[in-house]
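Analysis of the macromolecular model
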Amino acid sequence: MSLSRKDLDVLKPEVNRAVQKFLGFSETTLVTAAINCVDKGYDKRKTRDKLSAILDEKQAAKFTDKLFDVVDDFSSSSRKKSRKRKEERGFTDDDASSDTKKKRKFEDSAPVTIPEPGQPSPGQLTADKIKEMMANAQKMIQERKAQIQATIPQIRAATLSVPPGASSTLADTMARTARLQQQIASATQEMQLRNAIPKVVTATSKPAPVILDDEGRTIDASTGEAITLAHHMPTLKANIRAKRREEFKQNLAEKLPEEVTAEAQFFDNRVSLKSATRTRRLFKFHDAGKFQQVAQRMRTKAQLEKLQQDIAQAAKKTGIASAAKLATIQPKHEIHEGEIPDVEWWDSVIMRGVSYNDMYNDEAEILVDKLEGITFLVEHPAQMKPPAEPEKVVPIPVILTKQERKKLRRQNRTEAQKDVTEKIRLGLMPPPEPKVRMANLMRVLGTEAVQDPTKIEAHVRAQMAKRQKLHEETNAARKLTPDQRREKKLKKIREDTSLGIDVAVYRIKNLSHPSKKFKVEQNCIQLLMTGFVVLYKDCNVVAVEGGPKQQKKFRRLMMHRIKWEEDKANKDDVSDDEDDDDSDKRNKCHLVWTGQVKHRSFGDIKFKACPTETFAREQFKKHGVQHYWDLAFSGAILEAAGEEVI
């Protein structure tokens, strides 16, 4: 389906019309993509995949079929036009193919003469110039022969004039003379070949007849001279590559053993070489009984999981699971089996690294000085000042009913109107203009409205516009600026926390959903609260600090507004068959503890992902409130064990 660039330019308007008919409007992107698919020769499946990036799958399939119909119609019409054009010229495809074959046969059979480098082509040489070149070449050959003939007598004379006592070196001289004669003969032959003028073959209408002699050489049948035929050079890339491979194999076979040995010294057998030929793909059959073994392992794993669930249910009923999990949050000491520690971990807080035996002397009296913070003295707690009362007494607002608010507003407006009336009577301010509208125009103005209605209507409308403008200016002057509006909003939220800080600790089973994390963080920032959030598996702790009103709004957010059980990730984990465990796996939020402290422990709210329980406790310990984590984590353990958290 690949077309030329000219055909693609002609095809593009037809594709554009097809797109406009298919979509109802023109789309340049779709036309360009379709033309590219046609240009690259894609089939229907690949074209549909390429167009799926612009259209949906159904539309891409329909448009692909329509596109191929347009291309097929265009191809058939173009072939008809070319055939008709040839018929008008009186030239058919059969004639063209026969002429082409004859031309190729003549070109292959006709000998081609390759001129020497730097010489003009044979077709450009004249007959006189050719004769002159041949005469010069023959003259040079004759001169060279004369020089060689002149040197031969001198060599012979030198050979014969050997002294009688030098008979031992006569054989060497004769051998040297024979070598010189051989060199002269080879030089003469080389000169003849170098100065020979290649035979100019003039182009004839028909190829010259040739025959083969006894030695297999090509000879011209008319002249009897040897002809050198041009070798056929491959033009296809596949044939060229095949010829190069043959030459490479021939050169590799002709390599000397020393070269092969030298290459083998630097060859690493550990490096795998990819073969040039593609390996055949064979079937890979599974061993007998492989899938039976896989099924057996799956059944064994299912039985083991069921057994573990039964053991967990039994432990939950007996209470062993909760006790074992609570023991995991106690301080961990390496105690071997059967070993009795010198000091228990609960006594090590007040004992200074001594054992129970060291606590008693010979008179069996307690060594009080070895205990941390325990003496014979009675310690009285320090007297602290009572919390200071607020300097400014906040009055309790009186809540009025709707009728009382309307009555109070009416009385205030009446008093203000009386003041304006008294000022007008005393002449302190001019009386206001009559408030004229289009509805009371005739009643207020009377005969003036009848005399010139157009003028009176314009005056009334101008007065109405003036009142409207005054009203808008008054509202704009009374309107708060953005800074004042922001400060008013913050004033409602901000609370006085100088006498105490309210703290609330929440525990959530899963806080991985980004939407819920965003709500917790943004509400804490908007309510001007401080806090810290620790993300741990099945125990996410949120601790926030603020005033009473702030805590009330945040508690409503955590306990009612956010629907924790609607987390999609948690719903997918719960199957329909597990109705009994549905309540345990559903995401929940628990209020672990709420109270009041003197100072804030946290800054702006931050989230911290903790991989282990110890690391999570360390985060709260940095702020001096590790008991928040202990309360929340123990509640999570008891909940996982199936016991009610108090």
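The structure presented is a predicted model; accordingly, all values stated were derived computationally and were not measured.

**Focus: the overall build of the chain**
A tally of regular secondary structure across the chain gives 22 helices and seven strands. Of all 646 residues assigned to the chain, the portion counted as buried reaches 19%. By sequence separation, contacts in the chain at least 24 residues apart represent 61% of the contacts at least 6 residues apart. For the chain, the accessible surface area stands at approximately 52,300 Å², while carbon and sulfur atoms represent 54% of it.

**Concerning the pattern of salt bridges**
Opposite charge on two side chains permits them to pair, given that their charged atoms come into close proximity. Applying the stated criterion to the full structure yields eight salt bridges. Notably, a salt bridge pairs arginine 494 with glutamate 487, separated by 3.9 Å at the nearest N-O pair. Residue classification places arginine 494 among the partly exposed positions, given a relative accessible area of 44%. Residues glutamate 639 and arginine 507 are paired through a salt bridge, measuring 2.7 Å at the closest nitrogen-oxygen approach.

**Focus: the packing of helix α1 (residues 5-23) against helix α2 (residues 28-40)**
A pair of packed helices is captured by two measures, namely the crossing angle of their axes and the spacing between those axes. Closest axis-to-axis distance for the α1/α2 pair is 9 Å, and the angle between their directions is 135°. Judged on the interaxial angle alone, α2 and α1 are oblique. In this structure, the crossing between α1 and α2 has a hand that is right-handed. Residues Arg5, Leu8, Leu11, Lys12, Val15, Asn16, Val19 and Leu23 of α1 form the contact with α2, whose own contacting residues are Leu30, Val31, Ala34, Ile35, Val38 and Asp39. Looking at the contact of α1 with α2 residue by residue, the class counts come to 10 nonpolar, one polar and three charged.

**Thoughts on the side chain of glutamate 495**
Structurally, glutamate 495 is set in the loop between α16 (482-493) and β3 (501-508). For glutamate 495, the side chain forms a polar contact with the main-chain nitrogen of lysine 549, separated by 3.0 Å. Contacts of glutamate 495, omitting those with residues within four sequence positions, involve Gly547, Pro548, Lys549 and Gln550.

**Quick word on the sheet that holds strand β4 (residues 530-535)**
In space, the five strands of this open sheet follow the order β6-β3-β5-β4-β7, with mixed pairing throughout. Each edge of the open sheet carries a strand with a single partner, namely β6 (589-597) and β7 (607-609). In this sheet, neighbouring strand axes are inclined to one another by 15° on average, regardless of whether the strands run parallel or antiparallel. With five bridges connecting them, β4 and strand β5 (residues 540-546) associate as antiparallel partners. Bridge assignment links glycine 531 to a residue of β5, and that residue is valine 544. Strands in contact with helix α18 (residues 548-561) are β3, β5 and β6; relative to β3, the strand with the most contacts, it is inclined by about 10°.

**Re a positive patch on the surface**
Together, Lys402, Arg405, Lys406, Lys407 and Arg410 make up a region of like positive charge exposed at the surface. Residue position: lysine 406 is located in helix α12 (residues 402-425). Of the residues examined, lysine 406 reaches a relative accessible area of 54% and is grouped as exposed.

**A look at the nonpolar core**
Ranked by size, the top nonpolar core spans 20 residues in total, and within it Tyr506, Val542, Val544, Phe554, Met558 and Trp564 carry the most contacts. Secondary structure elements with two or more residues in this core: β3, α17 (514-526), β4, β5 and α18. Discounting residues that sit within four places of it in the chain, tryptophan 564 has contacts with Ile508, Asn510, Leu511, Lys516, Val520, Met558, Asn587, Lys588 and Cys589.

**What about the packing of α17 against α18?**
Their axes nearest at 10 Å, the elements α17 and α18 cross at an angle of 160°. Taken together, α17 and α18 sit at an angle that is classed as roughly antiparallel. Seen along the crossing, α17 lies across α18 with a hand that is right-handed. Of α18, the residues touching α17 (which contributes Lys519, Val520, Asn523 and Cys524) are Phe554, Leu557, Met558 and Arg561.

**Brief notes about helix α21 (residues 613-622)**
Turning to α21, its buried residues are Glu613, Ala616, Gln619 and Phe620. Projected onto a plane normal to the axis of α21, the buried residues spread over an arc of 120° and lie on a single side. Exposed and facing more than 90 degrees away from the buried side of α21 are Thr614 and Lys622. In this structure, the buried residues of α21 make contact with β4, β5, β7 and α22 (626-641). The backbone nitrogen of phenylalanine 615 lies 3.3 Å from a side-chain oxygen of the residue at the head of α21, namely threonine 612. In the stretch just after α21, glycine 624 is the one whose phi turns positive, near 75°.

**Some remarks on unusual backbone geometry**
Of note in the backbone geometry, leucine 528 takes a positive phi value of approximately 60° without being a glycine. The backbone of aspartate 538 shows a phi angle near 60°, a positive value even though the residue is not glycine. Mapped onto the elements, aspartate 538 comes out in the loop between β4 and β5.

**Remarks on a nonpolar patch on the surface**
Among the surface-exposed residues, Val420, Leu426, Leu428 and Met429 lie close enough to one another that they form a single nonpolar patch of about 380 Å² accessible area. Counting through the fold element by element, leucine 428 comes out in the loop between α12 and α13 (441-445). Taking the relative accessible area as the measure of exposure, leucine 428 reaches 64% and is therefore exposed.

**Remarks on helix α15 (residues 453-478)**
Taking 1.5 Å per residue, 26 residues should reach 38 Å; α15 reaches 38 Å between its end C-alpha atoms and fits that length. For α15, the full list of buried residues reads Ile456, Val460 and Gln463. At its buried positions, α15 is contacted by α13 and α14 (447-451).

**What to know about the pairing of β4**
Summarising burial for β4: six of the six residues are buried, a large majority. Linkage of β4 to β5, two consecutive antiparallel strands, is achieved through a turn of four residues, within which aspartate 538 is found at a positive phi near 60°. Where β4 lies against β7, three bridges are found, and the strand directions are parallel. Opposite leucine 535, over in β7, you have alanine 609 as the bridge partner.

**Things to note about the confidence of the model for the chain**
Averaged over all residues, the pLDDT of the chain equals 77, while 71% of them reach at least 70. Here residues 197-204 scores under 50 on pLDDT; set against residues more than four positions off or in separate chains, the count is nine contacts.

**Some remarks on the packing of aromatic side chains**
Evaluation of the coordinates by the stated rule reveals 10 aromatic pairs. Ring geometry for phenylalanine 283 and phenylalanine 285: centres 6.0 Å apart, planes at 35°, overall tilted. Residue phenylalanine 283 shares its accessibility class with phenylalanine 285, and that shared class is exposed. Arranged with centres 6.1 Å apart and planes meeting at 65°, the rings of tyrosine 536 and phenylalanine 633 form a pair that is edge-to-face. Highlighted residues: tyrosine 536 in the loop between β4 and β5 and phenylalanine 633 in helix α22, separated in sequence by 97 residues. Taken individually, tyrosine 536 and phenylalanine 633 each receive the classification buried, so the pair is uniform in this respect. An aromatic cluster of three or more residues is present, and its members are Phe532, Tyr536, Phe602, Phe620, Trp629 and Phe633. Lying over the aromatic face of phenylalanine 291, lysine 290 brings its terminal NZ or CZ to 6.0 Å of the ring centre.

Definitions and limits used
- Residues numbered from 1 in each chain as written.
- Predicted model: local features only at pLDDT ≥ 70, side-chain atom pairs only at ≥ 80, totals over all residues.
- Heavy atoms only, no water.
- Helix = DSSP H or I, 4+ residues; strand = E, 2+ residues; numbered from the N terminus.
- Buried < 20%, exposed > 50% of the residue type's maximum accessible area, 1.4 Å probe, protein only.
- Contact = heavy atoms within 4.5 Å.
- Areas by Shrake-Rupley, 256 points an atom, 1.4 Å probe, with all protein chains shown as cover.
- Salt bridge = Lys/Arg side-chain N within 4 Å of Asp/Glu carboxyl O.
- Axes fitted to C-alpha atoms, helices over the stretch in contact; angles between N-to-C directions.
- Parallel < 35°, antiparallel > 145°, perpendicular 65-115°, else oblique.
- Left-handed = near helix turned anticlockwise from the far one by under 90°.
- Nonpolar A, V, L, I, M, F, W, Y, C, P; charged D, E, K, R; others polar.
- Polar contact = N/O pair within 3.5 Å; in protein donor to acceptor, adjacent residues only side chain to side chain.
- Pairing = 2+ DSSP bridges.
- Patch = residues over 30% accessible without salt bridge, like charges linked within 9 Å, V, L, I, M, F, W, Y side chains within 5 Å.
- Lys, Arg positive; Asp, Glu negative; His and termini not counted.
- Charge placed at Lys NZ, Arg CZ, Asp CG, Glu CD.
- Core = buried A, V, L, I, M, F, W, Y, C linked by side-chain atoms within 4.5 Å.
- Arc of directions from axis to C-beta.
- Expected span 1.5 Å × (residues − 1).
- pLDDT = per-residue confidence, 0-100.
- Phe/Tyr/Trp six-rings, centres within 6.5 Å; stacked < 30°, edge-to-face > 60°.
- Lys NZ or Arg CZ within 6 Å of the ring centre and 35° of its normal.

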